[in-house]
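# Structural features, examined
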Amino acid sequence: MKKRLLCFIAALMIITAALSIAACSNNKTQYTAGQAEKVLRIDEENLGYPSVYTVSSRGRGYLLMSFIFDTLTWKDENGIIPLLAEKWDVSSDQKVWTFHLVKNAKFTDGKPLTAADVKFSFDYLKAHPHPWVYLNMIDEVKTLDDYTVEIALKQVYAPFVTDVAGNVPIMPKHIWESVKEPEKFNTPEAVIGSGPLKLAKYDKDGGTYIYEANKDYFYGKPVIDKLILSSNQNSLQALENGELDAALRLKYGEAIKLKEGGKFKVIEGPGLWVARVYFNFDIPEFNQREFRQALYYALNRQEIVDKATRNSTIIGNPGHIHPDSEWYFKDVKQYEFDPEKAKQLLDDAGMKDTNADGIRDYNGKALEYEFLVTDDKVNEAEMTKNYLAAIGIKINVKAMDQTNVDSLIKEGKFQLALSGHGSFGGDPVLLARFASKNVTVGSTPTVTAQGGRNWSSARFDQLFAEQLKQTDKAKRYEQVAELQKIIAEELPTLTLYYKKIILAYNQNKFDGWFFTKDGVAIAVPTVENKLVFVRGHWK
Amino acid sequence: MSKKIANKAAWAIVITMLSVGAFYPFISPYNAADFSFRPLMDPSTAHLLGTDEMGHDLLSMLLAGFRITLTIALAAALISTFIGTVLAVACAYYKNWVDTVIVKLTELFIIVPEIVVLLFFAVLAKPGVYNTILAIALFSWSKVARIIRAKSITAIEKEKIQYTLLLKGSIWHVLIKMWRELYPAVATMFIFQCSKAAVYESTLAFFGIGDPLAITWGRMIRTALNYEGIFTGGAYLWYLLPPIACVCIFVVALSVLAYDFERE
Amino acid sequence: MNILLEAVGLNKKFNGNTTVLNNVCLKIRRGGIAALIGESGGGKTTLCRVFTGLEKASSGKVLFKGKELGTLRGRSFDDCASLQYIFQDPYAALEEESTVSSVLQEPVNMCSRRGRDYMPPQEALTWAGLAGAAFLGRKIKTLSGGQRQRVSLARSLITRPDLIIADECTAMLDAQAAAEIGRIFKKLNQKLGLSFLIVTHDAQFLYQVVDYIYVLHEGAIVEAGPKDRVLNIPSAGYTREYMESMWEIEGGGLIEQDHLCQPQ
Ligand SMILES: Nc1ncnc2c1ncn2[C@@H]1O[C@H](COP(=O)(O)OP(=O)(O)O)[C@@H](O)[C@H]1O
Ligand SMILES: [Mg+2]
């Protein structure tokens, strides 16, 4: 007995000791930083080696890569700005774009960045497809001289400036032309770009990134010397202990508490991140519009926002587009919480409980589904389960981590799913996720695609294709509004809520943070726009 | 003498816990799945342990946790101990290639990280409490088998068991005959598996195996730790501490019992 | 002559090299009480275990009632039941916590399951000199060594065997208890026609119970013959030595070869 107890106590002591040592060592690593050098420390997750093809294909992966690789155009808090291209023109038929490059851009190995590198990058990405970028609309990329590039399109593409020119990373031709397998290219050459930061160190196991300033950055010398991104276990604690200068991975409630504490500044912006219910259209009844509408009526979205997300989100819009977006159209079909209406719709669709087991049946099969959710959405799942039980639909919740949920949805191995993703906002090209494959020539990341049979509508496809070619913004808005009406009516997905993002930071060290309008590149929501490191101010 | 008291107290605790699990609907103040209360209430006479972030009554959840947590723990331990023991005895009984195959299989399950087994299982399994039990059993039996095999191989050489072999007794006869030899080790393994399962259950729910909505202590601990205000104010006292205390008491009580078996 | 058990050129090597049995050939007559004697470590137990099937011979064969016996797994239940084995240590052979009746129930169950005629436990106990119904309820741990050995004997009687092999079954008993066992063997031999092969170092046994003796030395049978001849005029030098060490007797004479087969 004694021996066992001793073992137990010893084990406890070892664990406590290990924890406190870990805590202490955390405290110690920070003092070396931030004295002479201007080091900025932010929390991040491990997203892989930050080269174009090796970094995670999620939005934040793009962000880490964008610190190193520049694009022709970029965005700041007010919208589109020139970056590598100091100006550009477009032909009257909107099909030929001419970009005039800055003359002083240089790669960090000292070689100048020229039109040849731009042409090369477009061609390379076309030859080696990447989930961020689709270039199907491009006919040809030509270099007119060392600093002029002409891009000819096969057809008009409305979001070209943001989603193509503002998205394609310009890679040094002299390095990449010999790279045959970019997915395996993870040498120091793979992270030579023209951006404000260069990679000094990446710790693959710990997920720590150390970037150093590119002092020769053509856009301006960065105000920081070093940027350290590390995967902290507890961002709140790390921020409070001074181990971080800014923290993104905070819970909304934590951030509110920090704000109330007054020691840190907290800014809040649209997350460009949506949580939605996916239907697998291989299941016959999911193809009935009334069924999907009934589900939407049955969900008390306001209560989900209040209780499950504790106000860290805003309520989802039936037309899918974020209400803060300039493309938002509000007069679409609305679905106020109404279980009676939901039941009526199901009754009318012939889905009645024929065997009195409390679950409705359709074609002799009970309406019982597996509900795949990400492991951070168990509260939402619990509420959804209750709402649906109230109208006679049974769901069995299966929770998995984001990566697994993503791949199951992508492979179509699910029935009903609740998941969320970024790349939401910016150009309405994001509605491509509801268009058939043959019309989605746009640059919409495949991370949001779902496998199995998809919803499809010929009218939606046609309108979607038309608006992509519409260069008159007012006319395009009308078409996009029409698309939102169709989505609200048809509900190919149930938009539950949009996340807000927050950044809490020590304003006594570094400030100048802003939310990028519509997110960087293809709408990666962020405050970590690389320009912050150039335009911000060190205190 | 004091050991006797510890043993009795442990039995008393385990039996009390099991009875709470069996009869909690009669003493639970509310339905544990009901989240219609105001969230994050402090303890009051209406809610002795207050409510959680969603508005569940915490006392009702704690009581409901007795049933599912203990059922999972006991059932998973029972299955893994049974499988492990039978395979171990098969090794001793059949020897030769049967032994080799089972030992290889056991080693495989021991070296393959549990997480791999889990992910593999998660893809195939429908979510639910049964699958939690099966999954825990799936990666626990090998440890039981390894320990019990060693015991069985010594035990089967004992003359009283060789007698059964001489009468051409089947593996079941041998198992029954060996039971008294194996019992302390089997009971110890059973109890260890129980405590492990009690702790593991909540983790599994987040691997897509169990039912993440099943009301268990593990789930309560997890949601409590996810609540950012848990340590500011006294919330941890009525939100986090009770389920942790329940798991600890259960595990410690079982360890006391396990120890007594082992000493036999 | 009616031969019950025959060993033909048995060899046994442990771990491939140490030779424990070296071309053992012997024939055991039905209806006799044969003794196997020899120095400790000479291979007597190994030979018995080869007969029972608990050990596999490296080469050679065992014939029982003229039929070849394979490994234990290959033997029929009837063969196993007809050839019973009494272990040396009465403390290890019986489960301490069991009662006499449950010990005796095991062979009863085995026989009835396989449709073999068996001796009722009461009767077997009577033969073993343990009369009284009350005895059936006794726990093994309350019995003396002699009583336990007689329970072992009763257990082997239940299957109505033809041959009982007893390996130093009196070594751990006091002289009186040993003598009692000897008397019972004799009685069983005379009344039931049961044959015995007894490993023993007990001179009393040799003189009063046994009618035939085999001498095993360094794994080989060095002498075999009727008790009177082997004891009084041992032919092999080793036998004489062995006898001297036991009784300090003198003698000498011809070697009678009729119960030794020709070495191959
Ligand atoms: N399982 C075994 N492995 C290796 N050697 C053994 C084994 N069993 C017995 N022996 C050896 O065989 C020899 C004969 O043993 P045993 O048959 O028990 O002799 P006896 O019964 O005549 O005293 C001894 O030297 C013993 O060490
Ligand atoms: Mg011996």
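Residues numbered from 1 in each chain as written. Chains lettered and ligands numbered in written order. Predicted model: local features only at pLDDT ≥ 70, side-chain atom pairs only at ≥ 80, totals over all residues. Heavy atoms only, no water.

A count of helices and strands for chain A gives 16 helices and 21 strands. In chain A, which comprises 539 residues, the share counted as buried stands at 57%. Across chain A, the fraction of contacts at a sequence separation of at least 24, relative to all contacts at a separation of at least 6, is 72%. When the accessible surface of chain A is summed, it comes to about 21900 Å², and 51% of that surface belongs to carbon and sulfur atoms. (Helix = DSSP H or I, 4+ residues; strand = E, 2+ residues; numbered from the N terminus. Buried < 20%, exposed > 50% of the residue type's maximum accessible area, 1.4 Å probe, protein only. Contact = heavy atoms within 4.5 Å. Areas by Shrake-Rupley, 256 points an atom, 1.4 Å probe, with all protein chains shown as cover.)

All names here are of chain C. Going residue by residue along strand E6 (residues 83–86), you find Leu83 and Tyr85 tucked away on one face and Gln84 and Ile86 tucked away on the opposite face as well. Taken together, the four bridges between E6 and strand E7 (residues 163–167) define a ladder with parallel strand orientation. Within E7, the position partnered with Ile86 by the bridge is Ala166. (Pairing = 2+ DSSP bridges.)

Right, let's get into the interface of chain B and chain A. Every contact between the two is made by 35 residues of chain B and, on the other side, 25 residues of chain A. In this assembly, chain B packs against chain A so that about 2500 Å² is buried in total across both faces, 60% of it on carbon and sulfur atoms. Per-residue buried area on chain B facing chain A is highest for Met54, Leu213 and Glu228 of chain B; these three make up 26% of the total on that side. The interface formed by chain B and chain A includes two salt bridges. Arg310 of chain A serves as the salt-bridge partner of Glu53 of chain B, at 3.2 Å between the closest nitrogen and oxygen. (Buried area = accessible area lost by both parts, 1.4 Å probe. Salt bridge = Lys/Arg side-chain N within 4 Å of Asp/Glu carboxyl O.)

All right, on to the site of ligand 1 then. Residues and elements named next belong to chain C. As a matter of local geometry, ligand 1 sits amid Phe14, Val20, Glu39, Ser40, Gly41, Gly42, Gly43, Lys44, Thr45 and Thr46. Taking Gly42, its main chain carries an N or O atom lying 3.2 Å from an oxygen atom of ligand 1. Lys44 has a polar backbone atom sitting 2.8 Å from an oxygen atom of ligand 1. Contact with the protein chains removes 58% of the 560 Å² of surface that ligand 1 exposes when unbound. Looking at side-chain class alone, the shell around ligand 1 contains two nonpolar, six polar and two charged residues. (Near = heavy atom within 4 Å. Polar contact = N/O pair within 3.5 Å; in protein donor to acceptor, adjacent residues only side chain to side chain. Nonpolar A, V, L, I, M, F, W, Y, C, P; charged D, E, K, R; others polar.)

Turning next to the pattern of salt bridges. All names here are of chain A. All told, the structure shown has 51 salt bridges over all chains when counted by the stated rule. Across the salt bridge formed by Lys184 and Glu181, the nearest N and O atoms sit 3.2 Å from each other. In this structure, Lys509 engages Asp245 in a salt bridge whose closest nitrogen and oxygen atoms are separated by 3.0 Å. Taken as a pair, Lys509 in the loop between strand E19 (493–505) and strand E20 (510–511) and Asp245 in the loop between helix H6 (235–240) and strand E11 (246–247) lie far apart in primary sequence, 264 residues in all. Take Asp245: its relative accessible area is 4%, and that puts it in the buried class.

Our focus in this paragraph is the packing of aromatic side chains. Applying the stated rule across the entire model yields 44 aromatic pairs over all chains. A ring pair is formed by Phe139 of chain B and Tyr200 of chain B, whose centres lie 5.3 Å apart and whose planes are at 55°; its orientation type is tilted. One end of the pair, Phe139 of chain B, is in helix H5 (residues 129–156); the other, Tyr200 of chain B, is in helix H7 (residues 171–205), and 61 residues separate them in sequence. By the ring-pair criterion, three or more aromatic residues cluster together here, those being Tyr49, Phe67, Tyr202, Tyr209, Tyr211, Tyr505, Phe510, Trp513, Phe533 and Trp538 of chain A. For the cation-ring pair, Arg276 of chain A lies above Tyr278 of chain A, with the distance from its terminal atom to the ring centre recorded as 4.2 Å. A cation sits over an aromatic face here: Lys530 of chain A above Trp74 of chain A, 4.3 Å from the ring centre. (Phe/Tyr/Trp six-rings, centres within 6.5 Å; stacked < 30°, edge-to-face > 60°. Lys NZ or Arg CZ within 6 Å of the ring centre and 35° of its normal.)

Attention now moves to the interface of chain B and chain C. Counting residues at the interface gives 17 residues for chain B and 27 residues for chain C. Of the roughly 1900 Å² buried at the junction of chain B and chain C (both faces included), carbon and sulfur atoms supply 54%. The three residues of chain B that bury the most area against chain C are Tyr163, Leu166 and Lys168 of chain B, which together make up 37% of that side's buried surface. Between the two partners, chain B and chain C, sit three salt bridges. The closest approach of N and O atoms between Lys177 of chain B and Glu106 of chain C, which form a salt bridge, is 2.8 Å. The tally of links from chain B across to chain C stands at eleven residue pairs in polar contact (both at pLDDT 80 or more). Listed by contribution, the elements that provide at least two residues to the side of chain B that touches chain C are helix H2 (58–94), helix H6 (159–166) and H7 of chain B. Broken down by element, the side of chain B that touches chain C gets its largest block of residues, seven residues, from H6 of chain B. In terms of residue class, the side of chain B that touches chain C is built from six nonpolar, four polar and seven charged.

The next thing to look at is the sheet that holds E7 of chain C. Residue and element names in this part refer to chain C. Read across the open sheet, the six strands follow the order E6-E7-E8-E3-E9-E10; overall the sheet is mixed. Both outer strands of the open sheet, E6 and strand E10 (220–226), are each paired with one neighbouring strand and no more. Strand-to-strand twist of the sheet, defined as the mean angle between neighbouring strand axes without regard to direction, takes the value 15°. Each of E6 and E7 touches helix H6 (residues 145–158); the most contacted strand, E6, lies at about 170° to it. (Axes fitted to C-alpha atoms, helices over the stretch in contact; angles between N-to-C directions.)

All names here are of chain B. A cluster of nonpolar side chains, contributed by Leu78, Ile79, Phe82, Ile83, Leu134, Trp172 and Ile176, occupies part of the molecular surface with about 700 Å² of accessible area. Taken together, the elements giving at least two residues each to the nonpolar patch come down to H2 and H7. Considering each element in turn, the nonpolar patch owes the most residues, four residues, to H2. Assignment of secondary structure puts Leu134 in helix H5. (Patch = residues over 30% accessible without salt bridge, like charges linked within 9 Å, V, L, I, M, F, W, Y side chains within 5 Å.)

What follows covers the packing of H2 of chain B against H5 of chain B. All names here are of chain B. Interhelical geometry of H2 versus H5 gives an angle of 35° and a closest axis separation of 5 Å. Considering how the two elements wind past one another, H2 and H5 form a crossing that is right-handed. In terms of residue class, the contact of H2 with H5 is made up of 23 nonpolar, seven polar and one charged. (Left-handed = near helix turned anticlockwise from the far one by under 90°.)

This part is about the packing of H6 of chain C against helix H7 (residues 175–191) of chain C. All names here are of chain C. Where H6 meets H7, the axes come as close as 10 Å, and the angle between the chain directions of the two elements is 20°. Classed by the angle they form, the pair H6 and H7 counts as roughly parallel. Of the two possible hands of crossing, H6 and H7 adopt the one that is right-handed. Where H6 abuts H7, its residues Gly146, Gln149, Arg150, Leu153 and Leu157 lie against Ala177, Glu180, Ile181, Ile184, Phe185 and Leu188. Counted by class, the contact of H6 with H7 contains seven nonpolar, two polar and two charged residues. (Parallel < 35°, antiparallel > 145°, perpendicular 65-115°, else oblique.)

On to the sheet that holds strand E5 (residues 67–69) of chain C, then. All names here are of chain C. Read from one edge to the other, the open sheet built from four strands follows the order E2-E1-E4-E5, with strand pairing classed as antiparallel. For this open sheet the edge positions go to strand E2 (18–29) and E5, each flanked by a neighbour on one side alone. The sheet shows a mean angle of 25° between the axes of neighbouring strands, taken without regard to direction. Relative to strand E4 (residues 59–64), strand E1 (residues 3–14) runs antiparallel, the two being bridged by five bridges. Across the sheet, residue Glu6 finds its bridge partner in E4, namely Leu63.

This part takes up the confidence of the model for chain B. When pLDDT is averaged along chain B, the result is 85, and 97% of the positions lie at 70 or above. Predicted complex, confidence summary: ipTM 0.82, pTM 0.68. (pLDDT = per-residue confidence, 0-100.)

A few words now on the environment of Ser407 of chain A. Take Ser407 of chain A: it is sitting in helix H12 (residues 402–410). In this structure the C-alpha to C-alpha distance between Ser407 of chain A and Gly451 of chain A, which are 44 residues apart in sequence, comes to 9.1 Å.

Nonpolar side chains in soluble globular proteins tend to be buried together. Phe122, Trp176 and Trp513 of chain A are the most contacted members of the largest nonpolar core, which totals 153 residues. When residues of this core are assigned to domains, at least three map to each of domain 1 (59–269 + 501–538) and domain 2 (274–499) of chain A. Val86, Cys91 and Ala155 of chain B together with Leu4 of chain C belong to the second-largest nonpolar core, a separate cluster that totals 63 residues. (Core = buried A, V, L, I, M, F, W, Y, C linked by side-chain atoms within 4.5 Å. Domains from an automatic or database assignment.)

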